[in-house]
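# A look at the structure
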Amino acid sequence: MRKLIDQLARTSFLTSVELLDLLDHMNEADIKYLHERAIAVKKDHYGDTVYMRGLIEFTNYCTNDCLYCGIRKSNRNAERYRLTKEQILECCEMGNTLGYRTFVLQGGDDPYYTDERIVDLITAIKTANPDCAITLSIGEKSYESYKKYQDAGVDRYLLRHETNSRQLYESLHPDMSYDNRIRCLTDIKEIGLQVGAGFMVGLPGQTNTDFVNDLMFLKDLNPHMVGIGPFMPQKNTPLKDAESGTAAKTYVLLSLVRLLLPKVLLPATTALGSIDPKGRENGLKSGANVVMPNLSPTNVRDKYLLYDGKICTGDEAAHCRGCIEKRINSAGFVVDMGRGDHVSYKE
Ligand code: 5AD
Ligand code: FES
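A short tour of the structure in this document, coming up. Just so we're clear, the structure is a prediction, and the values are computed from it rather than from any experiment. (Residues numbered from 1 in each chain as written. Chains lettered and ligands numbered in written order. Predicted model: local features only at pLDDT ≥ 70, side-chain atom pairs only at ≥ 80, totals over all residues. Heavy atoms only, no water.)

### With respect to the side chain of Asp109
For clarity, the cut-off: The way it works is that DSSP assigns letters per residue, a run of H or I at least four long becomes a helix, a run of E at least two long becomes a strand, and they are numbered from the N terminus. When accessible area is computed with a 1.4 Å probe and restricted to protein chains, residues below 20% of their type maximum are described as buried, those above 50% as exposed, and intermediate ones as partly exposed. Any pair of residues with heavy atoms lying within 4.5 Å of one another is described as a contacting pair.
Within the element layout of this structure, Asp109 appears in the loop between strand E3 (102-107) and helix H5 (115-128). Classification of Asp109 as buried rests on a relative accessible area of 18%. Excluding its chain neighbours within four sequence positions, the residues that come into contact with Asp109 are Tyr61, Cys62, Thr63, Asn64, Ile138, Glu140 and Lys141.

### Digging into the site of ligand 1
The criterion, for reference: Nearness of a residue to a molecule or strand requires only that one of the residue's heavy atoms be within 4 Å of it. Two N or O atoms form a polar contact when they lie within 3.5 Å of each other; inside protein one atom must be a possible hydrogen donor and the other a possible acceptor, and for residues adjacent in sequence the pair counts only when both atoms belong to side chains. All accessibility values rest on the Shrake-Rupley procedure with a 1.4 Å probe; residue burial counts only the protein chains present in the view. Amino acids outside the nonpolar list (Ala, Val, Leu, Ile, Met, Phe, Trp, Tyr, Cys, Pro) and the charged list (Asp, Glu, Lys, Arg) are all regarded as polar, and Gly is one of them.
Near ligand 1 you find Tyr68, Cys69, Gln106, Arg160, Glu162, Met200, Pro230, Phe231, Met232, Leu306 and Tyr307, and these make up its full shell. Taking Glu162, its side chain carries an N or O atom lying 2.6 Å from an oxygen atom of ligand 1. Take Leu306: an N or O atom from its main chain is 3.4 Å from a nitrogen atom of ligand 1. Considering ligand 1 on its own, with 410 Å² of exposed area, one finds that the protein chains cover 87% of that surface. Within the shell around ligand 1, the residues separate by chemical class into eight nonpolar, one polar and two charged.

### Examining the packing of aromatic side chains
Note the following rule: Pairing of aromatic side chains here covers Phe, Tyr and the six-membered ring of Trp, requires ring centres within 6.5 Å, and sorts the geometry by plane angle: under 30 degrees stacked, over 60 edge-to-face, intermediate tilted.
If you walk through the whole model with that rule in mind, you get eight aromatic pairs. Summarising the aromatic geometry, the rings of Tyr46 and Tyr51 are spaced 5.9 Å apart at their centres and angled 90 degrees between planes, so their arrangement reads as edge-to-face. By relative accessible area, which is 6% here, Tyr46 ends up buried. In this structure Tyr51 comes out as buried when scored by relative accessible area, which is 11%. Relative to Tyr113, the ring of Phe58 has its centre 4.9 Å away and its plane inclined at 80 degrees; by these criteria the two rings are edge-to-face.

### Re the pairing of strand E2 (residues 54-59)
To be explicit about the condition: Look down the strands so they point away from you; if the path from the first strand over the helix to the second goes clockwise, the crossover is right-handed.
Among the six residues of E2, six are classified as buried, and the element is accordingly described as predominantly covered. Handedness of the crossover joining E2 and E3 through helix H4 (residues 85-98): right-handed.

### A look at the side chain of Asp187
Within the secondary structure, Asp187 is located in helix H8 (residues 178-191). Look at Asp187 and you get buried, because its relative accessible area is 12%. If near-sequence neighbours (up to four positions away) are discounted, Asp187 is found in contact with Tyr143 and Tyr146.

### Some points on the sheet that holds strand E1 (residues 49-52)
Cut-off, in case you're wondering: Any two strands are treated as partners once DSSP identifies two or more bridges connecting them.
Read from one edge of the open sheet, three strands run E8-E1-E9, paired in parallel fashion. Each of the sheet's edge strands pairs with one partner strand only, and the pair in question is strand E8 (290-291) and strand E9 (334-336). Looking at chain direction, E1 and E9 are connected through three bridges and run parallel. Residue pairing in the sheet places Tyr51 in a bridge with Asp336 of E9.

### Some words on the packing of helix H2 (residues 16-25) against helix H10 (residues 247-260)
The condition is simple: Only the stretch in contact is used when a helix axis is fitted, and all axes are lines through C-alpha atoms; the angle between N-to-C directions ranges over 0 to 180 degrees. Just so you know how the angles are binned, under 35 degrees is roughly parallel, over 145 roughly antiparallel, 65 to 115 roughly perpendicular, and the rest oblique. We call a crossing left-handed when the near helix sits turned anticlockwise from the far one by less than a right angle, and right-handed when that turn is clockwise.
The N-to-C vectors of H2 and H10 enclose an angle of 150 degrees; their axes lie 12 Å apart at closest approach. By the angle between their axes, H2 is roughly antiparallel relative to H10. Here H2 and H10 pass one another in a crossing that is right-handed. Of the residues in H10, those in contact with Leu19, Leu22 and Leu23 of H2 are Lys249, Val252, Leu253, Leu256 and Leu260. Tallied by class, the residues present in the contact of H2 with H10 amount to seven nonpolar, no polar and one charged.

### What about the pattern of salt bridges?
Our working rule: The term salt bridge refers to a side-chain nitrogen of Lys or Arg lying within 4 Å of a carboxyl oxygen of Asp or Glu.
Considering all chains together, one arrives at 23 salt bridges under this definition. Glu79 serves as the salt-bridge partner of Lys303, at 3.7 Å between the closest nitrogen and oxygen. On the criterion of sequence distance, the pair formed by Lys303 in the loop between helix H13 (298-301) and helix H14 (317-330) and Glu79 in the loop between E2 and H4 is long-range, its members being 224 residues apart. The buried category is assigned to Lys303, whose relative accessible area is 19%. For Lys126, the salt bridge goes to Asp155, with nearest N and O atoms at 3.0 Å.

Honestly, that's just the spatial picture; any functional story needs more than this.
Here you go:
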């Protein structure tokens, strides 16, 4: 196992058979070694720094019905909200004061937010915060729409592929197609936005072979960012009784992604912090180098409930800003409040 890990760290590549071998056979000591190699590779490219992004969850209206997600359209118990342009600008202003230089605007697939409204919103945020990067995460759109967002000032786009196994993907996403998901990711990349893909860990029926598919897909796509978090059931969804993914498996996959894509921007996600009280710290110790504290107003925080047990739902943005810095320091890293572009990215 050590030989394979060394080879992966040295060449940033393993075959799918070798990756499966690792996932199936690593023991605790091997996994510890894997995490050490991943931290070292992260350090080569980013030193001890961890980037911070301010997350604004601006609408939980959604036309999709993903089986795992708490804001799926069939969830009649979800209390729907939508922030206005003014409220979003206030979040950014607060974020800017707290030092953030990236805002991540995330929302469900909400028809109210037409391209025109998104463009207007992005223009206003960029005008008020010219030195900040904007990351958008609002789902599957056409090539033309992604282009419009970019022209308005969007720098990055997050669209997790969720799972690269077609059958598993289609069983979890009624009325959506795996091919369209992948089309979106290739369009975003072609347009020249920094692109983020990613997947959940521990979906019902998901196997190590599925994870190998995810890893090989990521190696091939070569995105700037990869979001990985454990699946966690939400009580008003069809998967309410399913078992959650584990933190430990998520740490392993974070390290493997770090070694396959040495320069990738890799968040220690909120889901990871929700499943394990030390999840974000351990994520950083597995090779992650980004955290995304919440900037949404407190009165809507507890409504963006993709899964049960989400952390920070009652906390002010300023509290999270301080809390997360302490956590980053306790894990042995330092905060970098810059825009935090991918190291290969030239404006
Ligand atoms: N558990 C964990 N992650 C979830 N997401 C959605 N629902 C869940 C859940 N129940 C993730 C998806 C999505 C991201 C915004 O949140 O991967 O892309
Ligand atoms: Fe929000 Fe710790 S990051 S309370």
